[in-house]
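Next come the chains, spelled out residue by residue.
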Amino acid sequence: MKLLANPVVLRAAVVLFCASFAFVLGLVFVRFLRRNIREEAEISSEPTPSLEALPLHLYNTVIQQLKQQKHELQVQNQTEQRRARTTENFSQAVLSNLSCGVLVFGLNGLVKQSNPAAKEILGFASPSGMSAEDIFRDVALTEEVHSVLREGSNRRQLETGYTTPAGNERHISLTVSPVPSVDGSLLGAACLINDLSDIENIRRQQRLQGEVSAEMALELRTSLTTISGYAQQLAGSRDPDLARQLAADIAAEAARLDRTIGGFLTEKRLRQTAAALAKSAHCDNRIEAGNLPAH
């Protein structure tokens, strides 16, 4: 106890204790370190991919994925192209078989597309690239097209006469409609054309027949009135000579009436026959034109 009371001895004892504790702690740490080194050595002895082989494997995987994506994109592109060609062929087939003419004007006022019926009705071999002024040569028809292109207005309809470049007179109806895109912007104008020449001829013939029928009715009434007057005179006459004269006048008026009615019926039959022949010839011409190869 006296030794511990000595500060020098106490300090030496504390230093000895700390040194012993540090030595023991060092031994424990050395053993722990050796054990970790031994475990790492055992793990490192297992085969692992090299630094060069690992990137090559990744490159091959990425390249295969890129090739697969490229193939899928090519298949999708080919499918879209086939679908687009099918849609285009269907649209062309529909336009080619329409009986009415179709002209599609671009925003620049020039024809972008036309069908065979439009070429036949308008009398142009190929109206593509032509303006409305060059095709219709009519202020009213041209203004209808430009109004739709400028304003994007609703459908406009017009019926008027038309003269082909060859000088053939026709009566056509024109329907001009805007062509919008998916987002609502204006792409151009579609012009539908119908040849109403046959219908107009029928209307004209009906008007003419109405006028002729009115004249015929007037002549019939006049003749019947004349015959009725002769008959009344004949009934009240006692003079044989006057009676014979009245009978002759009645016979003459009846013969004239018969000739008038007969001529009217004959002319009507001739007009009907001529109209049927003209219609048949028109149909034959359309069939022959449809069999011609497209240029």
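Note that this is a predicted model, so its numbers are computed, not measured. Sequence order sets the numbering: in each chain, residues are counted from 1 along the sequence as written. Local features are withheld for residues below a pLDDT of 70 in this predicted model, meaning they are given only at 70 or higher, and side-chain atom pairs are given and counted only at 80 or more; totals for whole chains, interfaces and linings count all residues. Only hydrogens and water are set aside when side-chain values are computed; all heavy atoms of the structure are taken into account.

Participant: Is there a simple way to think about the overall build of the protein in this case?
Facilitator: When helices and strands are counted, the protein shows 8 helices and 5 strands. Reading the protein from its N end, one meets helices and strands in the order α-α-α-β-β-α-α-α-β-β-β-α-α. Only protein chains enter the area calculation, which uses a 1.4 Å probe; residues under 20% of their type maximum are buried, those over 50% are exposed, and those in between are partly exposed. When the 295 residues of the protein are sorted by exposure, 19% land in the buried category. Every accessible area reported is derived by Shrake-Rupley at a probe size of 1.4 Å, with residue values counting cover from the shown protein chains alone. Element-wise, carbon and sulfur atoms account for 60% of the exposed surface of the protein, whose accessible area totals about 21700 Å². Only runs of H or I of at least four residues qualify as helices and only runs of E of at least two qualify as strands under DSSP, and these elements are numbered from the N terminus.

Participant: Can you help me understand the nonpolar core in this one?
Facilitator: Buried together is how nonpolar side chains tend to be arranged in soluble globular proteins. The nonpolar core is taken to be a set of buried Ala, Val, Leu, Ile, Met, Phe, Trp, Tyr and Cys residues, with the residues joined through side-chain atoms within 4.5 Å. Ranked by size, the top nonpolar core spans 22 residues in total, and within it Leu-103, Phe-105, Leu-122, Ile-135, Phe-136, Cys-191 and Ile-193 carry the most contacts. Mapped by element, the contributors of at least two residues to this core are β1 (101–106), α4 (116–122), α5 (132–136), α6 (139–151), β4 (169–180) and β5 (186–195). With 4 residues, α6 is the single largest residue contributor to this core. Sequence-distant contacts of Ile-135, defined by excluding residues within four places in its chain, comprise Leu-103, Phe-105, Val-111, Leu-122, Phe-124, Pro-127, Met-130 and Tyr-162. Only heavy atoms enter the contact rule, under which two residues are in contact if any of them lie within 4.5 Å.

Participant: Honestly, the pairing of β4 in this entry has me stumped. Any pointers?
Facilitator: On a regular strand, each side chain points to the face opposite its neighbour's, so the side chains alternate between the two faces of the sheet. Pairing between two strands is assigned when DSSP locates at least 2 bridges connecting them. Relative to β4, strand β3 (residues 156–163) runs antiparallel, the two being bridged by 8 bridges. Among the inter-strand pairings, Leu-158 is bridged to a residue of β4, identified as Leu-174. Counted along the chain from β3 to the antiparallel partner β4, the turn is 5 residues long, and its residue Gly-167 has a positive phi close to 95°. Looking at chain direction, β4 and β5 are connected through 9 bridges and run antiparallel. Within β5, the position partnered with Val-176 by the bridge is Cys-191.

Participant: Looking at this structure, how should I read the confidence of the model for the protein?
Facilitator: Detail in the predicted coordinates should be disregarded across regions flagged by low pLDDT. When pLDDT is averaged along the protein, the result is 76, and 76% of the positions lie at 70 or above. Scored from 0 to 100, pLDDT reflects the predictor's confidence in each residue. Here helix α1 (residues 2–5) is the element of the protein with the lowest mean pLDDT, 54, and β1 is the one with the highest, 94.

Participant: I would appreciate a short explanation of the environment of Glu-159 in the present structure.
Facilitator: With respect to the helices and strands, Glu-159 occurs in strand β3. Along the sequence, Glu-159 and Ser-173 sit 14 residues apart, while their C-alpha atoms lie 4.2 Å from each other. Dropping the residues within four chain positions of it, Glu-159 is found in contact with His-171, Ile-172, Ser-173, Leu-196 and Arg-203. One polar contact links Glu-159 to His-171, side chain to side chain, over a distance of 3.0 Å. We define a polar contact as two N or O atoms separated by no more than 3.5 Å, with the added condition that, inside protein, one atom must be a possible hydrogen donor and the other a possible acceptor, whereas residues neighbouring each other in sequence contribute only through side-chain atom pairs.

Participant: Whenever I open this one, the sheet that holds β1 confuses me. Can you help?
Facilitator: Judged by pairing direction, the sheet is antiparallel, and its 5 strands sit side by side in the order β2-β1-β5-β4-β3 without closing on themselves. Each of the sheet's edge strands pairs with one partner strand only, and the pair in question is β2 (111–114) and β3. Sheet twist, expressed as the average angle between the axes of neighbouring strands with direction ignored, equals 25°. The sheet contact formed by β1 and β2 spans 3 bridges and is antiparallel. Note on definitions: angles span 0 to 180 degrees between N-to-C directions of axes, and those axes are lines fitted to C-alpha atoms, for helices only across the stretch in contact.

Participant: What is the right way to read the environment of Pro-178 from this model?
Facilitator: Within the element layout of this structure, Pro-178 appears in strand β4. A relative accessible area of 27% means that Pro-178 is categorised as partly exposed. For Pro-178 and Val-104, which are 74 residues apart along the polypeptide, the C-alpha to C-alpha distance reads 9.7 Å. Those residues in contact with Pro-178, other than ones at most four positions away along the chain, are Val-148, Gly-152, Ser-153, Asn-154, Arg-155, Leu-186, Gly-188 and Ala-189.

Participant: Which parts of the structure should I look at to understand a nonpolar patch on the surface?
Facilitator: The residues that make up patches have over 30% relative accessible area and no salt bridge, and they are joined within 9 Å when like-charged or within 5 Å when they are Val, Leu, Ile, Met, Phe, Trp or Tyr. Salt bridges are defined by distance alone: a side-chain nitrogen of Lys or Arg within 4 Å of a carboxyl oxygen of Asp or Glu. Side chains of Phe-23, Val-24, Leu-27 and Val-28 sit close together on the surface and give an oily, nonpolar patch of about 390 Å² of accessible area. Examined against the element boundaries, Leu-27 turns out to sit in helix α2 (residues 7–44).

Participant: Could you clarify how one ought to interpret unusual backbone geometry in this entry?
Facilitator: Residues apart from glycine generally show negative phi values, whereas peptide bonds are mostly found in trans. Unlike most non-glycine residues, Arg-137 shows phi in positive territory, near 50°. Counting through the fold element by element, Arg-137 comes out in the loop between α5 and α6.

Participant: Before we go on, may I ask you to explain α6 in this structure?
Facilitator: One full turn of an α-helix is made of 3.6 residues, so residues set three or four places apart face in the same direction. The length a helix should cover is 1.5 Å for every residue beyond the first. Its 13 residues give α6 an end-to-end C-alpha distance of 17 Å, which sits within 8% of 18 Å, the value for a rise of 1.5 Å per residue. Buried residues of α6: Leu-141, Thr-142, Glu-144, Val-145, Ser-147, Val-148 and Leu-149, and no others. Close packing links the buried residues of α6 with β1, α5, β3, β4 and β5.

Participant: Help me out: how do you make sense of the side chain of Glu-144 in this one?
Facilitator: The topology assignment puts Glu-144 in helix α6. Assessed through its relative accessible area of 17%, Glu-144 is described here as buried. Sequence-distant contacts of Glu-144, that is, excluding residues within four places in its chain, are made with Arg-156, Leu-158 and Val-176.

Participant: What exactly am I supposed to notice about the side chain of Thr-164 here?
Facilitator: Summarising the element assignment, Thr-164 is placed in the loop between β3 and β4. Taking relative accessible area as the criterion, Thr-164 reaches 5% and is therefore assigned buried. If sequence neighbours within four positions are ignored, Thr-164 has contacts with Ile-121, Leu-122, Gly-123, Arg-137 and Arg-170.

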